[in-house]
Amino acid sequence: MNITIGKPCAICEKGGRVNNEDFVFPFPEDVTASDQFFLVCDGVGGAQKGEIASALASESFQTYFSTFLEGQPTPEFINKALCYTEARFDGYIAEHPEASGMGTTLCLAMLGQQGVTIAHIGDSRIYLFREGKIIYRTEDHSLVNSLVKLGQITPDEALFHPQKNVILRAIQGSGQPTEADVVLLEDLQAGDYLFLCTDGILEHFTDEKLSNLFNGTLGVEEIKSILMNTCYNRTRDNFSFYIIPIQHVLDQTSFKQNIASFFIV
């Protein structure tokens, strides 16, 4: 599969918080259409260095992928990268005991020859939109989502639940090991959008509102402006996102046929 993307765009803002514990990679000012690896992290811990956790997780995954990845990342590979990251957390906390308790969510997207591999931990989300429809959405590792699945509260009640920010998985170190949910998205079409976001975005955007935003009539910059204008000075939390527009998709058979026809005289 040959996937071509348009230029992605990102925002990483502190919102109503004193400091910004979110982290995105690549940096918004550096991203290009040739990038294939994207991360969005939401640090947790407040005084326990949430901003260190999100940046350290991002740097650790980048290092592991750039050093060891060959081909499409498997679930086993991603969870080995997670173990490496947890070891890095252990090293940092050993040198900075005041950071004990720091943690971060993770959203990861990697474009490859088989599709897009996504991985997530916590309540930051990854969506795949097609003409206003949600083709795929990650499932939050959160207390309220567990209560919804058990039928103890409704999805509407979850939106305003007093414990809606309690997450059940986070990267914190080998003393509290976790696991990433990993999925390979193979159903991709030109015009689709990948959207990675922290929960600060979800203060103002339900799935329905996001679907309306990604209905295929707006460009990347227009979507970015609406998200930014809606959240700026209104969101209590940090808010960050990555928008990745899928421009062209060719499966291997079509790609080989196109190459072959190019050389036919």
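These numbers come from a predicted model, not from an experiment. Once a new chain begins, its residue numbering starts again from 1 and follows that chain's sequence as written. Residues qualify for local features only when their pLDDT is at least 70, as the model is predicted, and side-chain atom pairs are given and counted only at 80 or more; totals for whole chains, interfaces and linings, by contrast, use all residues. Water and hydrogen atoms play no part in the side-chain values, which are based on all heavy atoms of the structure.

J.: Break down the pattern of salt bridges for me, citing the residues and quoting the values.
T.: Between side chains of opposite charge, a pair can form when the charged atoms approach closely. Put simply, a salt bridge is a Lys or Arg side-chain nitrogen that is within 4 Å of an Asp or Glu carboxyl oxygen. Taken as a whole, this structure holds 10 salt bridges when the rule is applied. Between Lys-149 and Glu-139 there is a salt bridge; the shortest N-O distance is 2.8 Å. Residue Lys-149 is located in helix α3 (residues 143–149), and its partner Glu-139 is located in the loop between β9 (133–137) and α3; the two are separated by 10 residues in the primary sequence. Buried, partly exposed and exposed residues are distinguished by accessible area as a fraction of the type maximum, computed with a 1.4 Å probe on protein chains only: under 20%, between the cut-offs, and over 50%, respectively. A relative accessible area of 59% means that Lys-149 is categorised as exposed. Arg-236 is the partner of Glu-203 in a salt bridge, and the nearest nitrogen-oxygen pair spans 3.6 Å. Runs of H or I in DSSP of at least four residues are treated as helices and runs of E of at least two as strands, each being numbered from the N terminus.

J.: Outline the nonpolar core, listing residues and values.
T.: In these notes, a set of buried Ala, Val, Leu, Ile, Met, Phe, Trp, Tyr and Cys residues joined through side-chain atoms within 4.5 Å is what counts as a nonpolar core. Ranked by size, the top nonpolar core spans 24 residues in total, and within it Phe-61, Phe-65, Leu-108 and Ile-171 carry the most contacts. Counting only elements with at least two residues in this core, the list comes to β4 (37–44), α1 (50–68), α2 (75–95), β6 (106–112) and β7 (115–121). Two residues form a contact once any of their heavy atoms are found within 4.5 Å. Not counting chain neighbours up to four residues away, the residues in contact with Leu-108 comprise Phe-37, Phe-38, Leu-39, Phe-61, Phe-65, Ile-78, Thr-117, Ile-118, Ala-119, Ile-126 and Leu-196. Cys-107, Ala-109, Leu-188 and Tyr-242 belong to the second largest nonpolar core, which has 22 residues in total.

J.: Any chance you could break down α1 for me, citing the residues and the numbers?
T.: Between its first and last C-alpha atoms α1 spans 27 Å; for 19 residues at 1.5 Å apiece the expected length is 27 Å, and the two agree. Listing the buried residues of α1 in full gives Gly-50, Ala-53, Ser-54, Leu-56, Ala-57, Ser-58, Ser-60, Phe-61, Tyr-64 and Phe-65. For α1, the elements touching its buried residues are β3 (22–25), β4, α2, β5 (103–104) and β6. Under the convention used throughout, the expected extent of a helix is 1.5 Å for every residue step, that is, one less than its residue count.

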